[in-house]
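# Survey of secondary and tertiary structure
Spelled out, the chains give:
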Amino acid sequence: MSQTASSITGQDGIAVETRSLNLWYGDFQALFDIDLKVRQGIITSLIGPSGCGKSTFLRSINRINERLGYVRITGGIHLLGHDIYAEGVNLSQLRKQVGMVFQRPNPLPISIRDNVLFAVEIHDEGGKKAGRANKEEIVEAALRRVLLWDSVKDRLNTKATTLSLEEQQKLCIARLLPVKPSILLMDEPCSALDPKGTEAVEEMIWELRGDYTILIVTHNMAQARRASEECIFMLMGKVVEHTATADMFVNPKDRRTADYIEGRYG
Ligand SMILES: Nc1ncnc2c1ncn2[C@@H]1O[C@H](COP(=O)(O)OP(=O)(O)O)[C@@H](O)[C@H]1O
Ligand SMILES: [Mg+2]
């Protein structure tokens, strides 16, 4: 993949660019030569059978794989033009820029309000120094953005863990927003929700398009089709196909993509 000047400065509309990314858990290689360009401001879905490396790929973008001592990586990832594996990269800065939500909503067992303010206060951006009024604004804006404000505005001091799973997942997205991430990684964010909750959260994620670059893993082909503009199909640690979602589903280029979409893999 060529290293054009524009991709280095991130001005070519590319949010994440990987170059020959390989990853091993001990001796086991989970990612092979991943070369991808994820476009800025759109939703890209990541599909493929269980175990093909979707979560591993996502976790390499905010470098949380490395918390395991036995992970080794070669190649590189550029985020908005910056090499995130370069020496001296500030991981706390990186994780502010790259927010992540998981399969099971994992709000902290504190109030709804404090969940939204948690990261801001840690990073002390408008944290302790911010006035009360400013904090209330931050909370309201984040909760509005995820379509949760109206249902929780009268109970902001309630423990977040008492919310429904749908509300908890919306809150988990809301609490990423105050530190102004540019990229949101979502690892099967609707898999713990019922169909109604799935629909509501998907709809909300769709609303975030444009302001954020969203990379979302899903097993739900209908969700990928409905909710993403581009789609990446992975198989056994490799990228098989990356195209506009409409093309992938109507006219897959690779036989293996067609097989997966038509349900011939697990
Ligand atoms: N922490 C880990 N330690 C060792 N192997 C792992 C670990 N996490 C994932 N793997 C292996 O890496 C491969 C890719 O896993 P994963 O990224 O979780 O796939 P997916 O999200 O597509 O289901 C699988 O073979 C899995 O067993
Ligand atoms: Mg996974």
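Residues numbered from 1 in each chain as written. Chains lettered and ligands numbered in written order. Predicted model: local features only at pLDDT ≥ 70, side-chain atom pairs only at ≥ 80, totals over all residues.

### With respect to the overall build of the protein chain
Tallying secondary structure elements over the protein chain gives 11 helices and 10 strands in all. In terms of C-alpha radius of gyration, the protein chain reaches 19 Å, essentially the compact-globule figure of 18 Å for 266 residues. A principal-axis box enclosing the C-alpha atoms of the protein chain has dimensions of 55 × 45 × 35 Å. Contacts in the protein chain between residues far apart in sequence, at least 24 positions, make up 67% of those at least 6 positions apart. (Helix = DSSP H or I, 4+ residues; strand = E, 2+ residues; numbered from the N terminus. Rg over C-alpha atoms; globule rule 2.2 N^0.38 Å. Contact = placed C-beta atoms within 7 Å.)

### Regarding the pairing of strand S4 (residues 71-79)
Relative to S4, strand S1 (residues 14-25) is paired through eight bridges, and the arrangement is antiparallel. Among the inter-strand pairings, Thr18 is bridged to a residue of S4, identified as Ile77. For S4 and strand S5 (residues 82-83), the ladder comprises two bridges, and the chain directions are antiparallel. The partner of His78 across the bridge, within S5, is Asp83. Here S4 folds back onto S5, and the loop between the two strands holds two residues, one of which, Leu80, carries a positive phi near 45°. (Pairing = 2+ DSSP bridges.)

### Focus: unusual backbone geometry
In this model, Arg63 sits at a positive phi of 60°, which is unusual for a non-glycine residue. On the secondary structure map, Arg63 appears in the loop between helix H2 (54-61) and S4. For Arg63, a count of 18 C-beta atoms within 10 Å corresponds to the partly exposed category. Positive phi is not limited to glycine here, since Glu188 has a value of about 50°. Among the secondary structure elements, Glu188 is positioned in the loop between strand S7 (183-187) and helix H8 (195-208). (Buried ≥ 20, exposed ≤ 12 C-beta atoms within 10 Å, placed from the backbone.)

### A word on the environment of Pro109
With respect to the element layout, Pro109 can be found in the loop between strand S6 (98-101) and helix H4 (112-123). Spatially, the C-alpha atoms of Pro109 and Asn251 are 46 Å apart, while their sequence positions differ by 142 residues. In contact with Pro109, other than residues within four places in its own chain, are Lys159 and Thr161.

### Examining the site of ligand 1
Around ligand 1, the structure places Tyr25, Phe28, Ala30, Gly48, Ser50, Gly51, Cys52, Gly53, Lys54, Ser55, Thr56 and Leu68. Taken together, the elements giving at least two residues each to the shell around ligand 1 come down to strand S2 (28-39) and H2. When residues of the shell around ligand 1 are assigned to their parent elements, the largest contribution, three residues, is made by H2. (Near = placed C-beta within 6 Å.)

### Focus: the packing of helix H7 (residues 165-174) against H8
Where H7 meets H8, the axes come as close as 9 Å, and the angle between the chain directions of the two elements is 20°. One element, H7, and the other, H8, form an angle in the roughly parallel class. As H7 packs across H8, the resulting crossing turns out to be right-handed. Residues Leu165, Glu166, Gln169 and Lys170 of H7 touch H8, and the partners they reach there are Gly197, Ala200, Val201 and Met204. A class-by-class count of the residues in the contact of H7 with H8 yields four nonpolar, two polar and two charged. (Axes fitted to C-alpha atoms, helices over the stretch in contact; angles between N-to-C directions. Parallel < 35°, antiparallel > 145°, perpendicular 65-115°, else oblique. Left-handed = near helix turned anticlockwise from the far one by under 90°. Nonpolar A, V, L, I, M, F, W, Y, C, P; charged D, E, K, R; others polar.)

### Here we look at the environment of Thr18
Following the sequence through the fold, Thr18 ends up in strand S1. Judged by local crowding, Thr18 falls into the buried class, with 22 C-beta atoms found within 10 Å. Along the chain, Thr18 and Leu148 lie 130 residues apart, while their C-alpha atoms are 34 Å from each other. When sequence neighbours within four positions are dropped, the list of residues in contact with Thr18 reads Ile34, Asp35, Leu36, Gly75 and Ile77.

### Considering the nonpolar core
Residues Ala174 and Leu185 are the most contacted members of the largest nonpolar core, which totals 63 residues. Apart from the residues lying within four places of it in its own chain, the contact partners of Leu185 are Leu58, Ile61, Asn62, Val98, Met100 and Leu215. (Core = buried A, V, L, I, M, F, W, Y, C linked by C-beta atoms within 7 Å.)

From the geometry alone we can't say anything about function, so treat these as descriptive.
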